[in-house]
Structures are given as structure tokens and as C-alpha cells.
Amino acid sequence: TTLGAAAAQDRTQLILDRLQHANQWRDHVMVVAHRAGGLQGGKARFPENSLVAVEDAIATGAEMIEVDVRRSKDGAFIIMHDSWLDRTTTCKGEAAERTLVELKGCRLVIEAGRIETGETVSTLAELLTVTRGRILVNVDNKLGTDALPGIIAEARALGMAEQVVVKENIWNDARIAEVGAALKAAGGGFQFMPIIADDAVRDAAFVEQVARIFNAQAMERSNWRNGAETRT
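In what follows, the accompanying structure is described. If you're wondering where the values come from, they're calculated on a predicted model, not measured in any experiment. (Residues numbered from 1 in each chain as written. Predicted model: local features only at pLDDT ≥ 70, side-chain atom pairs only at ≥ 80, totals over all residues. Heavy atoms only, no water.)

**What about the pairing of strand β9 (residues 164–169)?**
- In terms of burial, β9 is a largely internal element, five of the six residues being buried.
- Both strand β8 (residues 136–141) and β9 contribute to a ladder of four bridges, which runs parallel. Along β9, the bridge assignment pairs Val137 with Val164.
- Each parallel crossover has a hand, and for β8 linked through helix α5 (residues 148–157) to β9 it is right-handed.
- Of the strand pairs in this sheet, β9 and strand β10 (residues 191–197) are connected by five bridges, and their pairing is parallel. Bridge pairing in β10 links Glu168 to Pro194.
- Between the parallel elements β9 and β10, the chain passes through helix α6 (residues 173–186) in a crossover that is right-handed. (Buried < 20%, exposed > 50% of the residue type's maximum accessible area, 1.4 Å probe, protein only. Helix = DSSP H or I, 4+ residues; strand = E, 2+ residues; numbered from the N terminus. Pairing = 2+ DSSP bridges. Right-handed = clockwise from strand over helix to strand, strands pointing away.)

**Here's the deal with empty space enclosed by the protein**
- As enumerated under the stated definition, the model contains one cavity of 30 Å³ or more in all.
- Of the pockets and cavities examined, the largest cavity occupies roughly 40 Å³.
- Taken together, Glu48, Asn49, Ile79, Met80, His81, Thr88 and Leu108 make up the full set of residues lining the largest cavity.
- Taken together, the residues of the lining of the largest cavity break down into three nonpolar, three polar and one charged. (1 Å grid on protein atoms, 1.4 Å probe; cavity = no way out; pocket = protein on both sides within 12 Å on 5 of 7 lines; lining within 4 Å. Points joined across faces, edges and corners; volume = space filled by probe spheres on them. Nonpolar A, V, L, I, M, F, W, Y, C, P; charged D, E, K, R; others polar.)

**Brief notes about unusual backbone geometry**
- The backbone of Arg35 shows a phi angle near 50°, a positive value even though the residue is not glycine.
- Positive phi, normally seen in glycine, also occurs at Arg114, with a value near 50°.
- One can find Arg114 in the loop between β6 (107–110) and β7 (115–120).
- In this structure Arg114 comes out as partly exposed when scored by relative accessible area, which is 41%.

**A few points about the pairing of β8**
- Of all six residues making up β8, six are buried, and the element is well covered by its neighbours.
- Burial of β8 is two-sided: the residues Leu136, Asn138 and Asp140 facing one way and the residues Val137, Val139 and Asn141 facing the other way are all buried.
- Note: strand β4 (residues 64–71) against β8, six bridges, orientation parallel. Its bridge partner being in β8, Val67 is matched across the sheet by Val139.

**Side note on the state of the cysteines**
- This model, assessed by the stated rule, comprises one disulfide.
- The disulfide partner of Cys91 is Cys106, and the gap between their sulfur atoms is 2.2 Å. Where Cys91 bonds to Cys106 through sulfur, the torsion about that S-S bond is close to -105°, and the disulfide is left-handed. Here Cys106 lies in the loop between α3 (100–103) and β6 and Cys91 lies in the loop between β5 (77–79) and α3, a separation of 15 residues in the sequence. Grouping residues by exposure puts Cys91 and Cys106 together as buried. (Disulfide = S-S within 2.5 Å.)

Dropping the structure here:
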């Protein structure tokens, strides 16, 4: 068991090395499972943002999973993309209007075909525990920047801050200041990935400014303009 844990930790360190020293891994493409995975060959096999999807992503060799974080009515960080429950669970209404106990009664569904599964809504802590030493976790914070310190605190309590890559949308100087303050409040020891969307940012110099200010090892570029223009 000790050897297995060491091997898992070694894998995480290798993935971090590939992220932080990309110029030394130019021939390597890092695979990230969006919403924890679940899609293969264009078909949904597992519910998005589910622990079973996480296990499949790890088994198939992904190096990072991307998951979405929201809050329950009683303040627990939960893994869910939409603010409402209708699309991805057997429940209806806003997730923030239900306690964690109530959310645990919601079963996750595979969106295509509305196939109900035995998977329930997971907490951030539950997901992090499953991924410890096995894969990087890219957190898409669906809450305000004030939630960042709490998100990192949960990862740090599990000894997993280094495995976490948090990301936030950045589109102007005021947002740079807001995100910077939240990251400072969260403390160090984790990765940060700015999101730059082409419907809000058109200036390449601004992208360079964001990369420099945050010393970003990676950046998400969102193409909301649907390829209408050549990207540089």
C-alpha cells in the first residue's frame, strides 16, 4: 500500500512538472477531462462532475480533471456546473436552495437520454479525497472570488493544495485587482489558471499582461465567437 501511494504521488509530481515546465515537455499533450469526463467517442458514459467519471478519467490516463464548484444552502462546497439541478440530477430547482443532506438525495443523471445513476452530488472534499496523489484538479469556481480562500482551505486541509489549479475569468484591470486580492487571501501553494474569453478580451497585449502579473503556467482561452475570427 505504501509503495502504491508513493507511485501515485510520483505520478502527480510528474504531471505538475509537465504543467510547470512545458518547454521541457514540448512533445507532450496534457489531457484534461472536462467536467470530470464522461464523454468517450462522442457518447456520454457517465454523469458529468461525478466520482465515477473521475475514476474513468484516471483509468484512461487523463492528467487533470476540470470540475465546477458551487455551494449548498448550508454553505458546503459541492461539485456542480449549473446553478439549477434540473439538467444533471433527478431533482429540480436551484442547488443553493437545498442543504447538503437534501442534495445527497439527488441522483446524478447521464444527460443524453436522462439515464438515472446511483451517483449522488459530491462535495469538493469528497472529490479531492478521491483524487489525492492521482491526478490534478482544475477548479472552475462558479461562485464569487470571495469563495477562493475557502476552496483552497479545503484542499490545504487535505494536504492537496499543490494538486489544485483554480481558474477565474479576467477581462479588465479591475478584475485583475479583484482576482489578485482573492488569490493573496487564499495563500500560496496552489496553481492559478486565468480564463481569457474572446468575447470580452480582444487585445493580445492584455493577455500578455495577465500572464505576467499572475505568472501563469497555463491559461484557458475560451472561443465564444465560434471561430468567426482567426485567433493569434
